[in-house]
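Listed below, chain by chain, are the residues.
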Amino acid sequence: IDFDLILEHIKYLNSLVGEGISQIEHTPRGARLRRPEPLPVTLYQNGIVVGHGAFRPYQHPATQQCLQDIMDGYFPSELQPHYPDGV
């Protein structure tokens, strides 16, 4: 597994969703700027943890699909129901 390449692709995907850019959040009394909560991805020698989920070994099919999505330049398809605009 090429960790450098995975990290490069994650940085690219983060730039697409405007990492570090605040969004307008409407409140009952007006609006305020809010930064979106990041979704941590932790890479280990033998697997990954996405968000606050369970450890997943690289051999697991869902882990392989997640990494393949990232390597293909897409947000992981498993996250789309929760983050339809990206993460």
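Our structure is the block above this text.
The notes below deal with the structure included here. Keep in mind the model is a prediction, meaning the values are calculated, not measured.

1. Considering the packing of aromatic side chains
Going through the model one piece at a time under the given rule, you end up with 2 aromatic pairs. Between Phe3 and Tyr58, the ring centres sit 6.3 Å apart and the planes meet at 55°, which makes this aromatic pair tilted. A residue pair is termed long-range when its members are at least 10 positions apart, and Phe3 in helix H1 (residues 3–16) and Tyr58 in the loop between strand E5 (56–57) and helix H2 (61–71) qualify at 55 residues.

2. Comments concerning the nonpolar core
If you look at the biggest cluster of nonpolar residues, it comprises 10 residues: Ile6, Ile10, Leu13, Ile48, Val50, Tyr58, Cys66, Leu67, Ile70 and Leu79. Where this core is concerned, the elements lending two or more residues are H1, strand E4 (47–50) and H2. For Val50, the contacting residues outside a window of four places in its chain are Leu39, Pro40, Arg56, Cys66 and Leu79.

3. Thoughts on H1
In this model H1 runs 20 Å from its N-terminal to its C-terminal C-alpha over 14 residues, within 8% of the 20 Å that 1.5 Å per residue would give. Buried residues of H1: Ile6, His9, Ile10 and Leu13, and no others. Buried residues of H1 fall within an arc of 100° about the axis and therefore sit on the same side. Turned more than 90 degrees from where H1 packs its buried face, Asp4, Glu8 and Lys11 sit exposed. Residues of H1 that are buried make contact with strand E3 (41–43) and H2.

4. Structural notes on the pattern of salt bridges
Tallying each qualifying case throughout the model produces 2 salt bridges. Across the pair Glu25 and Arg32 runs a salt bridge, and its minimum N-O distance is 3.3 Å. For Glu25, a relative accessible area of 23% translates into the label partly exposed. A salt bridge links Glu78 to Arg56; the shortest N-O distance between them is 2.8 Å.

About the cut-offs
Residues numbered from 1 in each chain as written. Predicted model: local features only at pLDDT ≥ 70, side-chain atom pairs only at ≥ 80, totals over all residues. Heavy atoms only, no water. Phe/Tyr/Trp six-rings, centres within 6.5 Å; stacked < 30°, edge-to-face > 60°. Helix = DSSP H or I, 4+ residues; strand = E, 2+ residues; numbered from the N terminus. Core = buried A, V, L, I, M, F, W, Y, C linked by side-chain atoms within 4.5 Å. Buried < 20%, exposed > 50% of the residue type's maximum accessible area, 1.4 Å probe, protein only. Contact = heavy atoms within 4.5 Å. Expected span 1.5 Å × (residues − 1). Arc of directions from axis to C-beta. Salt bridge = Lys/Arg side-chain N within 4 Å of Asp/Glu carboxyl O.

These figures capture arrangement, not role.
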